[in-house]
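What follows is each chain in one-letter form.
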Amino acid sequence: MSRQAFIVYQHPLFGDAIRLLLTRGGIRVLGMESDWKRAQEQIEALHPDVVLMEINGDQEFSPPAWLSSIRSLPDSKQTTIAVSFHNNHLFIWQKEERSLIDAVDLVEAIRSA
Amino acid sequence: MAKIHILVADDHTIVREGVSLLLQSEPDIEVVGEARNGREAVDKTLQLHPDVVLMDIAMPEINGLDATKRIKAARSEAHVLVLTVHESDEYFFQALQAGASGYVLKGATSAELVAAVRAVYSGGIYLHPSVAEKLVADYLKRDSSQTNQHDRYASLTPREREVLILIAEGATNQKIASKLVLSTSTVQTHRANIMEKLNLHNRAELIKYAIRQGLIQLE
């Protein structure tokens, strides 16, 4: 069964682009949301395997905000992956932090998370 | 149907790949190449002859603005559409001066990006709505400030206007008094009234005002 992901984005363009890249890579995208509160409701309802978050320097999308957002999720089964498009960085919650190579790399990270 | 051939230049791999895939899904758009920096964008434009180059600004080797200049100098028929996170006027004007035909922010939706590609391909100029809004607001602000200045000038009496020009030309109170057949204290009163009506605080500001209004000319 293919891995299921939920995308939390800041830039709609990136959200759409990532959805296409993941779908091409065989990942099923269950939903997308730019507002964290609405995203939280959907994540709780949809139970994706992975939550993929866009992070950057903006307060709402900064790594500290990301950490606090993850902690607020009641279901800890899903893995959260954060991607910074600003500096091509990939953070896998409590596992890994490294440079992101390309879309194949991101798909592999989701598959193996 | 002739497709719009596009080159996507962005140093962020995921963004470049994602945006390419997004554009490629449109029936009238074909992504003919990708570039990881400004130099590659120039080289690939000359090699692949895209109709539109989607250009990021902050890129290594040559930035997007310099790459745009080089592309327009070498291949003027290529339309450059800037895709950037920078919302400031400074970048926007620099991009247009460099020869870009459009300016899209990364906060745009994919539909807006596609519309922008089609607009610049057709020879038009595309401004992201938030940039256009900012420009209109700036224009209206400037226009309103000019109207205020005009209203203030209109509030001066003919005699005050004469005195204003003479002060701006560097004449002393005595000289003005002698030229207009007035007492120096009357000239001083006119001077104070002019400053108050025009909301100016010293002679330098008054000279600048006179130049801006075209009342005197720099030699």
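As shown above, the structure is provided for reference.
Cut-offs and rules
Residues numbered from 1 in each chain as written. Chains lettered and ligands numbered in written order. Predicted model: local features only at pLDDT ≥ 70, side-chain atom pairs only at ≥ 80, totals over all residues. Heavy atoms only, no water. Patch = residues over 30% accessible without salt bridge, like charges linked within 9 Å, V, L, I, M, F, W, Y side chains within 5 Å. Areas by Shrake-Rupley, 256 points an atom, 1.4 Å probe, with all protein chains shown as cover. Salt bridge = Lys/Arg side-chain N within 4 Å of Asp/Glu carboxyl O. Helix = DSSP H or I, 4+ residues; strand = E, 2+ residues; numbered from the N terminus. Buried < 20%, exposed > 50% of the residue type's maximum accessible area, 1.4 Å probe, protein only. Pairing = 2+ DSSP bridges. Phe/Tyr/Trp six-rings, centres within 6.5 Å; stacked < 30°, edge-to-face > 60°. Core = buried A, V, L, I, M, F, W, Y, C linked by side-chain atoms within 4.5 Å. Contact = heavy atoms within 4.5 Å. Axes fitted to C-alpha atoms, helices over the stretch in contact; angles between N-to-C directions. 1 Å grid on protein atoms, 1.4 Å probe; cavity = no way out; pocket = protein on both sides within 12 Å on 5 of 7 lines; lining within 4 Å. Points joined across faces, edges and corners; volume = space filled by probe spheres on them. Nonpolar A, V, L, I, M, F, W, Y, C, P; charged D, E, K, R; others polar.

Enquirer: Would you mind showing me how to read a nonpolar patch on the surface here?
Expert: A cluster of nonpolar side chains, contributed by Val136(B), Tyr139(B) and Leu140(B), occupies part of the molecular surface with about 320 Å² of accessible area. Along the chain, Leu140(B) turns up in helix α6 (residues 129-154).

Enquirer: Whenever I open this one, the pairing of strand β5 (residues 89-92) of chain A confuses me. Can you help?
Expert: Each regular strand shows side chains that alternate between the opposite faces of the sheet. Residues and elements named next belong to chain A. Of the two faces of β5, the one holding His89 and Phe91 and the one holding Leu90 and Ile92 are both buried throughout. As paired elements, strand β4 (residues 79-84) and β5 share four bridges and run antiparallel to each other. Residue pairing across strands places Ala82 opposite Phe91, the latter belonging to β5.

Enquirer: Where do I start with the packing of aromatic side chains in this structure?
Expert: One pair of aromatic rings is described through two measures. These are the centre distance and the angle between the planes. Residue and element names in this part refer to chain B. In the structure shown here, the tally under the stated rule is two aromatic pairs over all chains. Geometrically, the ring pair formed by Phe92 and Tyr103 is edge-to-face, given 5.3 Å between the ring centres and 90° between the ring planes. Taken together, the positions of Phe92 in helix α4 (residues 89-98) and Tyr103 in strand β5 (residues 102-105) put the pair eleven residues apart, joining distant regions of the chain. Residues Phe92 and Tyr103 agree in their burial class; the two are buried.

Enquirer: Please explain the environment of Ile43(A) as it appears in this structure.
Expert: Tracing the backbone shows Ile43(A) in helix α2 (residues 36-46). For the pair Ile43(A) and Leu30(A), spaced 13 residues apart in the sequence, the C-alpha separation amounts to 9.1 Å.

Enquirer: Quick question: what am I supposed to make of the nonpolar core here?
Expert: Generally speaking, a soluble globular protein has its nonpolar side chains buried in company with each other. By size, the foremost hydrophobic cluster in this structure holds 24 residues, and its most contacted members are Leu23(B), Leu54(B), Leu81(B) and Leu113(B). Put simply, the parts of the chain that give this core at least two residues each are α1 (12-24) of chain A together with β1 (4-9), α1 (13-24), β2 (29-35), β3 (52-55), β4 (79-84) and α5 (110-121) of chain B. Of the residues forming this core, the biggest block, five residues, is contributed by α5(B). In contact with Leu113(B), other than residues within four places in its own chain, are Leu13(A), Val19(B), Leu23(B), Leu54(B), Leu81(B), Leu83(B) and Val104(B).

Enquirer: Please explain the pattern of salt bridges as it appears in this structure.
Expert: It is possible for side chains bearing opposite charge to pair when their charged atoms get close. All names here are of chain B. For the structure on display, the rule yields 14 salt bridges over all chains. For Glu34, the salt bridge identified is with Arg16, shortest N-O distance 3.2 Å. Of this pair, Glu34 sits in strand β2 while Arg16 sits in helix α1, and the two are 18 residues apart along the sequence.

Enquirer: In this structure, what is going on with the sheet that holds strand β6 (residues 96-99) of chain A? I would like to understand it.
Expert: Sheets are built from strands paired through backbone hydrogen bonds, the pairs being either parallel or antiparallel. All names here are of chain A. Strand order in the open sheet formed by six strands is β2-β1-β3-β4-β5-β6, with mixed pairing between adjacent strands. Both edges of this open sheet fall to β2 (28-33) and β6, since each of them pairs with a single strand only. With direction set aside, neighbouring strand axes in the sheet form an average angle of 20°. Bridge count for strand β1 (residues 4-8) against strand β3 (residues 50-55) is four bridges, and the pairing is parallel. Each residue of the ladder has a partner; that of Ala5, found in β3, is Val50. On top of the sheet, α1 reaches β1, β2 and β3; it is set at about 170° to β2, its chief contact.

Enquirer: I would appreciate a short explanation of empty space enclosed by the protein in the present structure.
Expert: Rolling a probe over the atoms, with the probe sized like a water molecule, indicates the empty space that remains. All names here are of chain B. Applying the stated rule across the entire model yields two cavities of 30 Å³ or more. Taken as a whole, the second largest cavity holds about 40 Å³ of empty space. Taken together, Val8, Ala9, Asp10, Val15, Arg16, Val19, Leu54, Met55, Asp56 and Leu83 make up the full set of residues lining the second largest cavity. Taken together, the elements giving at least two residues each to the lining of the second largest cavity come down to β1, α1 and β3. Here the element with the most residues in the lining of the second largest cavity is α1; it accounts for three residues. Its residues assigned to classes, the lining of the second largest cavity shows seven nonpolar, no polar and three charged.

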